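# Observations on the model geometry
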Amino acid sequence: MRALSKQLIQKWPEAVWRLGQRAWVPFSRDTASQLRLPLSGACRAGTVYLVGAGSGDVELLTLKAARLLMQADAVVYDRLVGDDVLALIPPGTERYYVGKARGHHSVPQTEIGELIVSLAQAGKSVVRLKGGDPGVFGRMGEELEALANASLPAEIVPGITAASAAAAGMGIPLTDRSHAQQVRFITAQLCREGGMPDWSSLARQDETLVFYMGLSKVAAICHGLRQAGLPDTWPIMLVANASQPEQHSLVGTLSDMPARLAAEPLPSPCLIMVGSVVSMVTNSPAATVAQALSSPDT
């Protein structure tokens, strides 16, 4: 009993202090505005920052990306960067739009490389802002090569890629011990003439497949995977505008998805997810919320 009493005596001052802190909160003046995020550093002149803008939701932007946007001399940005993210750029910052749409490249990739090189050579700090993560189908390698050839420093700031945003928005994991032990990211845009995915290697039931930039190739993807051995009833999901207010999704099977998409077309950008994890959507509270938000009656 003596030992217990001694412990209580030692701890009561801390308990009283904590109680006092909680009691003071309602009387403090705008507590939230007094919080300070631990941001430090500055854009370096002549340096190019390859920054991921994430999936479109400004609150999913990294703290480092937000800081760089507010500090850079120039921002070179893509089509898929959200307006709320662009709103973080101060009025005096130089802006260069180099967005690409399907079937139309407003600025060729070589010219984008030349632009960021020329801006950095002029002594400016440059943010090259890309949708999602710059290292996932973002042609970052070509821009890194252009900067390396000009002996210019570069720094990579990763962002939340569309696969993560789409899965989170629908309330499901990309991997799960009961469904998928691995995940594979695939570009549906064939980079070489006559190129064709290795369907036999993709037709596995122990992994999640995520196809980027494949809205026009849904029928070909479904056909290829079925021909390679996946069952007609294998789950597939399409998610357009992942993590944004206008997010919309279609869930079906490899056999019926082409018809579903024809009956209810989705806009680009759209992600295609194939795998057993998709079957978890119907039981997900997050998916119910996402579907409610995307409903025209909401």
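On a predicted model such as this, the values are computed, not experimentally measured, just so you know.

With that out of the way, let us pick up the pairing of strand 10 (residues 235-240). Counting buried positions along strand 10 yields six of six residues, so the element is predominantly enclosed. What you see with strand 10 is no split at all: Pro 235, Met 237 and Val 239 on one side and Ile 236, Leu 238 and Ala 240 on the other are buried throughout. In terms of strand pairing, strand 10 meets strand 11 (residues 248-253) through six bridges, oriented antiparallel. When the bridges of strand 11 are listed, Ala 240 appears paired with His 248.

With that out of the way, let us pick up the pairing of strand 12 (residues 270-274). Counting buried positions along strand 12 yields five of five residues, so the element is predominantly enclosed. Side chains Cys 270, Ile 272 and Val 274 of strand 12 all project onto a buried face; the interleaved residues Leu 271 and Met 273 project onto the opposite face, where all are buried too. The sheet contact formed by strand 9 (residues 207-212) and strand 12 spans three bridges and is antiparallel. Residue pairing across strands places Val 210 opposite Met 273, the latter belonging to strand 12.

What follows deals with a nonpolar patch on the surface. A surface patch of nonpolar side chains, about 300 Å² in accessible area, is lined by Phe 137, Val 183, Phe 185 and Met 213. Relative to the elements of secondary structure, Met 213 occurs in the loop between strand 9 and helix 8 (218-227). Residue classification places Met 213 among the partly exposed positions, given a relative accessible area of 40%.

Attention now goes to the pattern of salt bridges. As enumerated under the stated definition, the model contains 11 salt bridges in all. For Arg 128, the salt bridge is made with Asp 78, and the minimal N-O distance between the two is 3.0 Å. Taken as a pair, Arg 128 in strand 6 (residues 126-130) and Asp 78 in the loop between strand 2 (74-77) and helix 3 (83-86) lie far apart in primary sequence, 50 residues in all. Residue classification places Asp 78 among the buried positions, given a relative accessible area of 16%. Taken together, the shared-partner salt bridges connect Asp 78, Arg 128, Lys 130 and Glu 143 into one network.

Phe 211, Leu 225, Leu 238 and Val 274 are the most contacted members of the largest nonpolar core, which has 25 residues in total. Only helix 7 (199-202), strand 9, helix 8, strand 10, helix 9 (257-263) and strand 12 provide two or more residues apiece to this core. At four residues, the largest contribution of residues to this core is made by helix 8. Residues contacting Val 274, with those up to four places away along its chain left out, are Glu 207, Thr 208, Leu 209, Phe 211, Leu 225, Trp 234, Pro 235, Ile 236 and Leu 254. Membership of the second largest hydrophobic core comes to 19 residues, among which are Ala 66, Leu 68, Tyr 77 and Leu 129.

Moving on to helix 8. Taken as a whole, helix 8 has its buried residues at Val 218, Ile 221, Cys 222, Gly 224 and Leu 225. When helix 8 is viewed along its axis, its buried side chains cluster within an angular range of 165° and face the same direction. In this fold, the buried residues of helix 8 make contact with helix 7, strand 9, strand 10, helix 9 and strand 12. Gly 229, located one to two residues past helix 8, shows a positive phi value of around 125°.

About the cut-offs
- Residues numbered from 1 in each chain as written.
- Predicted model: local features only at pLDDT ≥ 70, side-chain atom pairs only at ≥ 80, totals over all residues.
- Heavy atoms only, no water.
- Buried < 20%, exposed > 50% of the residue type's maximum accessible area, 1.4 Å probe, protein only.
- Helix = DSSP H or I, 4+ residues; strand = E, 2+ residues; numbered from the N terminus.
- Pairing = 2+ DSSP bridges.
- Patch = residues over 30% accessible without salt bridge, like charges linked within 9 Å, V, L, I, M, F, W, Y side chains within 5 Å.
- Areas by Shrake-Rupley, 256 points an atom, 1.4 Å probe, with all protein chains shown as cover.
- Salt bridge = Lys/Arg side-chain N within 4 Å of Asp/Glu carboxyl O.
- Core = buried A, V, L, I, M, F, W, Y, C linked by side-chain atoms within 4.5 Å.
- Contact = heavy atoms within 4.5 Å.
- Arc of directions from axis to C-beta.

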